[in-house]
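If you want the building blocks of each chain, they are given just below.
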Amino acid sequence: MASTSLISITPLLPALLLVLVAMGAVVAWLGRLGHGRAVVTACLRAVVQLGVVSVVIAWVVSFPAAVAGFILLMYGVATFTAGRRIVPGWAGWWAGVPIAAGTVPVLAVMTASGVISMKGIVVIPIAGILLGGCLTATTLAGRRALDELTQRKGEVEAALSLGFTPREAALEICRPVSGQALVPALDQTRTVGLVTLPGAFVGMLLGGASPVDAGVVQLVVLVALLAAEAVATVVTIELAARGFFHP
């Protein structure tokens, strides 16, 4: 029996995973959430993608060009995923702007200051965390902004009649709701250590680091993630207000 300290890899593990996938899919179906099939396909994709990454990552981290290429691939997938959630068609590719705006400066500051090393094994997971957070913030902010502008179109027109510019009118309507995209990151940061023990913290403890070192690393990651998501949210709202996400 192999073990990762947290998960025991036994012959029952595949069966357990199948049960959990089925549970999620059935509950989503019975609850009429509209995502029953998506639960299954998402889990299947996770299996394939993690399997491929597990094989490739050991080679990628040894070559700077491969590291850069891998990060660009993650960025492309994040952009595509967020874009199609916000709006169909080519307009969705504008989602790449807030994702980059949140990730690039934060990652640059972290590497330039020496807080994280330039080694691929360090840069790739940190970039992945930032990209994932910005993906979520961009998707939530973009969808809420467009929904609000569509449902409250009359209020936008009323603001225009009062002399607001199209951008100002749109911001007045969509900014308060779209700003809620930052709530998950805020809650995660507020409750860390009290409700959850995030992956970076647990991973370092399992790797033999002291609790203090693990706590410092997790704090840096959470603060960086919050900063990146804040930038991504603001840029997304601005793009929505300016009409860039119109299909």
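Residues numbered from 1 in each chain as written. Predicted model: local features only at pLDDT ≥ 70, side-chain atom pairs only at ≥ 80, totals over all residues. Heavy atoms only, no water.

1. Here we look at the packing of helix α5 (residues 120-151) against helix α10 (residues 211-241)
Here is step 1: Interaxial distance between α5 and α10 falls to 8 Å at its minimum, and their mutual angle equals 30°. Like other packed secondary-structure pairs, α5 and α10 cross with a definite hand, here right-handed. Mapping the contact onto sequence places I126, I129, L130, G133, C134, A137, T138, A141, G142, A145, L146 and L149 in α5 and V221, A224, L225, A228, E229, A232, T233, T236, I237 and A240 in α10.
Here is step 2: Among the residues forming the contact of α5 with α10, the class breakdown is 16 nonpolar, 5 polar and 1 charged. (Axes fitted to C-alpha atoms, helices over the stretch in contact; angles between N-to-C directions. Helix = DSSP H or I, 4+ residues; strand = E, 2+ residues; numbered from the N terminus. Left-handed = near helix turned anticlockwise from the far one by under 90°. Contact = heavy atoms within 4.5 Å. Nonpolar A, V, L, I, M, F, W, Y, C, P; charged D, E, K, R; others polar.)

2. Structural notes on the side chain of E229
Here is step 1: Checked against the element boundaries, E229 lands in helix α10.
Here is step 2: What E229 contacts, discounting residues up to four positions off in sequence, is G133, C134, A137, L182 and A185.

3. Quick look at the layout of surface pockets
Gaps left between atoms are located by rolling a probe of water-molecule size over the structure's atoms.
Here is step 1: Here the largest pocket is characterised by a volume of approximately 770 Å³.
Here is step 2: If you trace the largest pocket, you find 20 residues lining it, with R45, Q49, V77, A78 and T81 closest to the centre.
Here is step 3: At the level of secondary structure, the elements contributing two or more residues to the lining of the largest pocket comprise α2 (36-60), α3 (64-86) and α5.
Here is step 4: Class assignment for the residues of the lining of the largest pocket results in 13 nonpolar, 4 polar and 3 charged.
Here is step 5: Considered as a void within the structure, the second largest pocket measures approximately 320 Å³ in volume.
Here is step 6: If you trace the second largest pocket, you find 21 residues lining it, with V67, A68, I71, L107 and V123 closest to the centre.
Here is step 7: Elements supplying a minimum of two residues to the lining of the second largest pocket: α3, α4 (96-112) and α5.
Here is step 8: The element contributing the most residues to the lining of the second largest pocket is α4, with 7 residues. (1 Å grid on protein atoms, 1.4 Å probe; cavity = no way out; pocket = protein on both sides within 12 Å on 5 of 7 lines; lining within 4 Å. Points joined across faces, edges and corners; volume = space filled by probe spheres on them.)

4. What to know about the nonpolar core
Here is step 1: Ranked by size, the top nonpolar core spans 46 residues in total, and within it I126, L130 and F245 carry the most contacts.
Here is step 2: At the level of elements, α3, α4, α5, α6 (153-161), α7 (166-178) and α10 are the ones that each hand at least two residues to this core.
Here is step 3: At 12 residues, α5 tops the list of elements feeding residues into this core.
Here is step 4: Not counting residues within four places of it along the chain, the set of residues in contact with I126 comprises L107, M110, I116 and V221. (Core = buried A, V, L, I, M, F, W, Y, C linked by side-chain atoms within 4.5 Å. Buried < 20%, exposed > 50% of the residue type's maximum accessible area, 1.4 Å probe, protein only.)

5. Considerations on the packing of α2 against α3
Here is step 1: At a minimum axis separation of 11 Å, α2 and α3 run at an interaxial angle of 160°. When the interaxial angle is binned, α2 and α3 end up roughly antiparallel. In this structure, α2 meets α3 at a crossing whose hand is left-handed. Here α2 contributes R45, V53, I57, W59 and V60 to the contact with α3, which in turn contributes A66, V67, F70 and R84.
Here is step 2: Here the contact of α2 with α3 is composed, by residue class, of 7 nonpolar, no polar and 2 charged. (Parallel < 35°, antiparallel > 145°, perpendicular 65-115°, else oblique.)

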